[in-house]
Amino acid sequence: MIEIKHLRTLAVLRDTGSLTATANTLCLTQSALSHQIKDLEQRIGAPLFLRKTRPVRFTAEGDILLKLADDLMPRIVRAEHELANLKEDAKGRLHMAIECHSCFQWLMPALKEYQIHWPAVSLDFSSGFSFEPIPALAAGELDLVITSDINPRAEVHYEPLFDFEMRLVVSPQSPLAELGTIKPTDLASQTMLTYPVHKSRLDVVKHFLQPAGIEPRVWKQADNTLMLVQMVSAGLGVAALPNWAIHDFARQGLIVSKPLGKGLWRRLYAAIRASERDRHYLQAFFATARQQCQTHLEGIKAA
């Protein structure tokens, strides 16, 4: 009965105050405008405004439709803009770096799911361990960085994904397996196994060992989570890993996990350029990542 064009016409008529100005604004002839108004008045069975008044005075029926126009038209305009942006975003670019070796465990399934709904978005990623990814993000060389560290910059937005606990994993035969919790001093005599990352970038160093002034006896590196777990299980050292990354290994009895102090909880973020935080394909990635992680990862919490 009432169409969008009718609401737009009434709103313009109120704003301009005359039929001539309304016709010019809407790029209509006087005849076409008059026909549109008469058609609407016939539909509702009442006049919309008083003729031969300047500025135009609306009837009660006209006022009702104007209130409807004031409610709906801004929402329609926003929807039109969002649709236009969505069409533009459909061919976006998502080149990312991952500052978290174990994140590949959940990131690959999340990207697979994401590509089903956003097939035209260009996806690529590189390791964030051989360079500083946040400056590269700000410079436009990357579009997204998965990280647990916030380096505040006005041009970078950090979107929280989920919270996780870093836990110490030890061999079932290790004396540390008998402890309720791990203190920094407990690691002073240990061989610490890590990913191939400078130790200054490790959570266990920055937030557990360094504040206590403790340095493990030996540092050794391994390329991936499975290799770290196998080395720990063989008694070759200990490692600090995310709770969700070691859940299955602990359940199988290959390792034992212990809390670091009262619990070393960290938050994982997706860092993007602040100017692009409202892009639909990025918001869709955040939603997909959260959904995949909450569904498949053990022990995490919503951020």
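Report follows, based on the coordinates. This structure is a prediction, so every number in the text was calculated from the model and none was measured.

1. With respect to empty space enclosed by the protein
Piece 1. For the structure on display, the rule yields 1 cavity of 30 Å³ or more.
Piece 2. By volume, the largest cavity amounts to about 30 Å³.
Piece 3. Lining the largest cavity, in full, are His 6, Thr 9, Leu 10, Gln 36, Ile 37, Leu 40 and Leu 48.
Piece 4. Among the secondary structure elements, those contributing two or more residues to the lining of the largest cavity are helix 1 (4–16) and helix 3 (30–44).
Piece 5. Here the residues of the lining of the largest cavity sort into 4 nonpolar, 3 polar and no charged.

2. Considering the layout of surface pockets
Piece 1. Here the largest pocket defines a volume of roughly 550 Å³.
Piece 2. As for the largest pocket, its lining consists of 33 residues, of which Glu 99, Ser 148, Arg 201, Leu 202 and Asp 203 are closest to the centre.
Piece 3. Where the lining of the largest pocket is concerned, the elements lending two or more residues are helix 6 (133–138), strand 6 (156–170), strand 7 (191–194), helix 7 (203–212) and strand 9 (238–242).
Piece 4. Looking at the lining of the largest pocket element by element, the count peaks at 4 residues for strand 9.
Piece 5. A breakdown of the residues in the lining of the largest pocket according to their chemical character gives 21 nonpolar, 6 polar and 6 charged.

3. Observations concerning the state of the cysteines
Piece 1. Throughout the structure, instances matching the rule amount to 0 disulfides.
Piece 2. Among the cysteines around Cys 293, which has no disulfide bond, Cys 103 carries the closest sulfur, lying 8.0 Å off.

4. Comments concerning the nonpolar core
Piece 1. In terms of nonpolar packing, the biggest core is built from 63 residues, with Trp 106, Leu 144, Ile 146, Phe 162 and Phe 285 touching the most fellow members.
Piece 2. In this structure Leu 144 touches Leu 94, His 95, Met 96, Ala 97, Leu 137, Ala 270, Ala 271, Ile 272, Leu 282, Phe 285 and Phe 286, once residues within four positions along its chain are discounted.

5. With respect to the pairing of strand 7
Piece 1. Here strand 7 shows no split at all, with Thr 191 and Leu 193 on one side and Met 192 and Thr 194 on the other all buried.
Piece 2. Here 4 bridges tie strand 7 to strand 8 (residues 218–221), and the two strands are oriented parallel to one another. Each bridged residue has a counterpart across the sheet, and for Leu 193 the counterpart in strand 8 is Lys 220.
Piece 3. For the segment spanning strand 7, helix 7 and strand 8, crossover handedness is right-handed.
Piece 4. For strand 7 and strand 9, the ladder comprises 2 bridges, and the chain directions are parallel. The residue of strand 9 that forms the bridge with Met 192 is Val 238.

6. What about unusual backbone geometry?
Piece 1. Here the bond from Arg 54 into Pro 55 is cis, since omega is -5°, no more than 30 degrees from zero.
Piece 2. Note that Pro 55 resides in the loop between strand 1 (49–50) and strand 2 (57–58).
Piece 3. The residue Cys 27 is not glycine, and still its phi comes out positive at about 60°.
Piece 4. Within the secondary structure layout, Cys 27 lies in the loop between helix 2 (19–25) and helix 3.
Piece 5. One non-glycine residue with positive phi stands out, namely Lys 52, at about 60°.
Piece 6. Considering the arrangement of structural elements, one finds Lys 52 in the loop between strand 1 and strand 2.
Piece 7. Accessibility expressed as a relative area gives 89% for Lys 52, which makes it exposed.

Cut-off values and rules
Residues numbered from 1 in each chain as written. Predicted model: local features only at pLDDT ≥ 70, side-chain atom pairs only at ≥ 80, totals over all residues. Heavy atoms only, no water. 1 Å grid on protein atoms, 1.4 Å probe; cavity = no way out; pocket = protein on both sides within 12 Å on 5 of 7 lines; lining within 4 Å. Points joined across faces, edges and corners; volume = space filled by probe spheres on them. Helix = DSSP H or I, 4+ residues; strand = E, 2+ residues; numbered from the N terminus. Nonpolar A, V, L, I, M, F, W, Y, C, P; charged D, E, K, R; others polar. Disulfide = S-S within 2.5 Å. Core = buried A, V, L, I, M, F, W, Y, C linked by side-chain atoms within 4.5 Å. Buried < 20%, exposed > 50% of the residue type's maximum accessible area, 1.4 Å probe, protein only. Contact = heavy atoms within 4.5 Å. Pairing = 2+ DSSP bridges. Right-handed = clockwise from strand over helix to strand, strands pointing away.

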